[in-house]
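Architecture and fold: a report
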Amino acid sequence: MTTAMGAALRRIQLGNALSAFGNGFTVPFLFVYVARVRDLGANTAGMVLATFAVAALVVLPFIGRVIDRRGPQSVAVAGAVAAAVGSMGLGLAASEPLVIAAAGVLGAGMAAVQPALATLIVWCSTPVTRSRAFATQFFLGNLGLGVGGLLGGLLVDTSAASSFVRLFAIDAAMFLVLGAAVATVKLKRSSVFDGPVPAAGEQLGGVGRRSLLGDRAMVQLCVLGFVMFFACYGQFESGLTAFAVDVARISPSMLGIALAANTAAIVLAQFVVLKLVERRRRSRVIALVGLVWTVAWCAAGAAGLVPGSEAIGITAIISAYALFGLGEAMLSPTVAPLVADLAPPSALGRYNSAFSLVKQLALAVGPAAGGLMAGAGLYGTYIAALIGCSLGITALALRLGKRLTAQQDNPLRAVTGAPVPAPRAAASDEVITAA
């Protein structure tokens, strides 16, 4: 990795961390803000959350081609500016149409930023250092989100709308910082291309949607990704929460501690996990995640088996959230780099956008399915279904491994004598450069 690539990656990672920090000020309080502070009701708050998903689903099918034709840098900057406008709009809007419109702009901006940043990280890394790059992004993003959430909780006042305007202003400012950080990145050459990094507007290639769908390995990875996001992230805000409150009798305040345990598991385990999985086959690591999440769902289910024992229920739910975090830490250095290594150089944006689209679909279907089962009281069926999904992750990952080349499944093992970057503290220059 060249010095210029390392410097560019440091700037991108810092901007991403600060953007996540800004998100932490608003994400935990969005529902309460719309429903109670602006007095628009729970239905409008639900529509706002749904608007994020709809906006992403509208944008993502097209944004990949724009990234491949115009370059990820301009797309990331435009997305960050749009997200800043949307966030500030949410803070100032006081009517239902304006709140929903602002949520749409914010959702579209964030949807554009995600695959663009993923493509930039690929441009600034090599196959050998790519896992560490994405693990660092995930670590810093969760750290920023957690710290922002803690500080936002100290500033928020549900009796004063002005306190929320301040929170959304901070979020908007951090999006602009991200845009400025990306805009000032200068790359002369990328490891992805044999020549210079293509300039904005330069045609990168002709890999179309049909070619992408003809890539069996990528299609299998997308199916696997849908099941993963459905079984984990898609349940955090609906089915799992309802189960914890209605069946395990956990107080809503304890759910905050459980979410903190999830973030803590990611932050504490990320680089330890990275060291353990870096030389192992990616498909086997993903398969192991399925088993870890199977244990997590069994633990969550156990919380409802001992009626009247609040301590056991709390312990089981917090353990489940922590195990989900451990699995997430294992996925960050495996899944995103695998998408990049499957993609032809001329279609990086389309592959990243396609996988982001699959994630958004799972995040839309997951809460809806979990909420419907919870509303019908089918909690036993719900836990059994999620255990089945987790075991399905293991089976799908092992099947995917049969389609991957040695280079795709683990570049470090495929390259003879390739050194594993030594782990460092996340804030050090060495980590970011090696990432």
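Anything mentioned here points back to the structure above.
Here is a short report on the structure shown in this document. Predicted model only: the values in this text are computed from it and were never measured. (Residues numbered from 1 in each chain as written. Predicted model: local features only at pLDDT ≥ 70, side-chain atom pairs only at ≥ 80, totals over all residues. Heavy atoms only, no water.)

Once that is clear, we can look at the overall build of the protein. Check the secondary structure of the protein and you find 20 helices and 0 strands. Burial statistics for the protein: of 435 residues in total, 54% are counted as buried. Long-range pairs, those at least 24 residues apart, make up 84% of the contacts in the protein between residues at least 6 apart in sequence. Total accessible area on the protein stands at roughly 17,700 Å², and carbon and sulfur atoms take up 67% of it. (Helix = DSSP H or I, 4+ residues; strand = E, 2+ residues; numbered from the N terminus. Buried < 20%, exposed > 50% of the residue type's maximum accessible area, 1.4 Å probe, protein only. Contact = heavy atoms within 4.5 Å. Areas by Shrake-Rupley, 256 points an atom, 1.4 Å probe, with all protein chains shown as cover.)

Despite not being glycine, Asp-39 shows a phi value in the positive range, around 55°. With respect to the helices and strands, the residue Asp-39 is situated in the loop between α2 (30-37) and α3 (41-70). When its relative accessible area of 64% is taken as the criterion, Asp-39 is described as exposed. Despite not being glycine, Arg-249 shows a phi value in the positive range, around 60°. Relative to the elements of secondary structure, Arg-249 occurs in the loop between α11 (239-246) and α12 (252-277). Overall, the relative accessible area of 61% leaves Arg-249 in the exposed class.

A separate point is empty space enclosed by the protein. Under the criterion given, the structure shown has 1 cavity of 30 Å³ or more. In this structure, the largest cavity encloses a volume near 80 Å³. The wall of the largest cavity is formed by 13 residues, among which Ser-131, Val-277, Glu-278, Arg-282 and Asn-410 lie closest to the centre. (1 Å grid on protein atoms, 1.4 Å probe; cavity = no way out; pocket = protein on both sides within 12 Å on 5 of 7 lines; lining within 4 Å. Points joined across faces, edges and corners; volume = space filled by probe spheres on them.)

Okay, the layout of surface pockets next. Estimates place the volume of the second largest pocket at around 380 Å³. What lines the second largest pocket is a set of 17 residues, and nearest its centre among them are Arg-209, Leu-212, Arg-350, Ala-354 and Leu-357. Listed by contribution, the elements that provide at least two residues to the lining of the second largest pocket are α3, α8 (209-213), α9 (216-231) and α16 (348-375). For the lining of the second largest pocket, the leading source of residues is α16, giving 6 residues. Tallied by class, the residues present in the lining of the second largest pocket amount to 12 nonpolar, 2 polar and 3 charged. (Nonpolar A, V, L, I, M, F, W, Y, C, P; charged D, E, K, R; others polar.)

So, on to the pattern of salt bridges. Taken as a whole, this structure holds 5 salt bridges when the rule is applied. Two residues, Asp-341 and Arg-130, come together in a salt bridge whose shortest N-O distance is 2.7 Å. Of this pair, Asp-341 sits in helix α15 (residues 335-342) while Arg-130 sits in helix α6 (residues 130-155), and the two are 211 residues apart along the sequence. The pair Asp-341 / Arg-130 is uniform in exposure class, with both members buried. Ionic pairing is found between Asp-409 and Arg-281, a salt bridge with its closest N-O pair at 2.7 Å. Remark: Arg-281 occurs in the loop between α12 and α13 (282-302) and Asp-409 occurs in helix α18 (residues 406-409); sequence separation between them is 128 residues. Judged by relative accessible area, Asp-409 falls into the buried class, the value being 4%. (Salt bridge = Lys/Arg side-chain N within 4 Å of Asp/Glu carboxyl O.)

With that settled, the discussion passes to the environment of Val-277. Its location among the elements puts Val-277 in helix α12. Counting along the chain gives 56 residues from Val-277 to Pro-333, while the straight-line C-alpha distance between them is 8.3 Å. Ignoring sequence-local partners within four residues, the contact set of Val-277 consists of Val-285, Pro-333 and Asn-410.

Residues Met-218, Leu-221, Trp-293, Trp-297, Ile-317 and Phe-324 are the most contacted members of the largest nonpolar core, which totals 98 residues. Each residue touching Phe-324, except ones within four places of it in the same chain, is listed here: Ala-231, Cys-232, Phe-236, Leu-240, Asn-262, Trp-293, Ala-296 and Trp-297. Core analysis: the next-biggest nonpolar cluster, separate from the first, contains 23 residues, Phe-29, Ala-35, Val-37 and Ala-102 among them. (Core = buried A, V, L, I, M, F, W, Y, C linked by side-chain atoms within 4.5 Å.)

A few words now on a nonpolar patch on the surface. Together, Leu-143, Val-147, Leu-151, Leu-154 and Leu-155 line one region of the surface with nonpolar side chains, adding up to about 420 Å² of accessible area. Position of Val-147 relative to the elements: it lies in helix α6. Look at Val-147 and you get partly exposed, because its relative accessible area is 35%. (Patch = residues over 30% accessible without salt bridge, like charges linked within 9 Å, V, L, I, M, F, W, Y side chains within 5 Å.)

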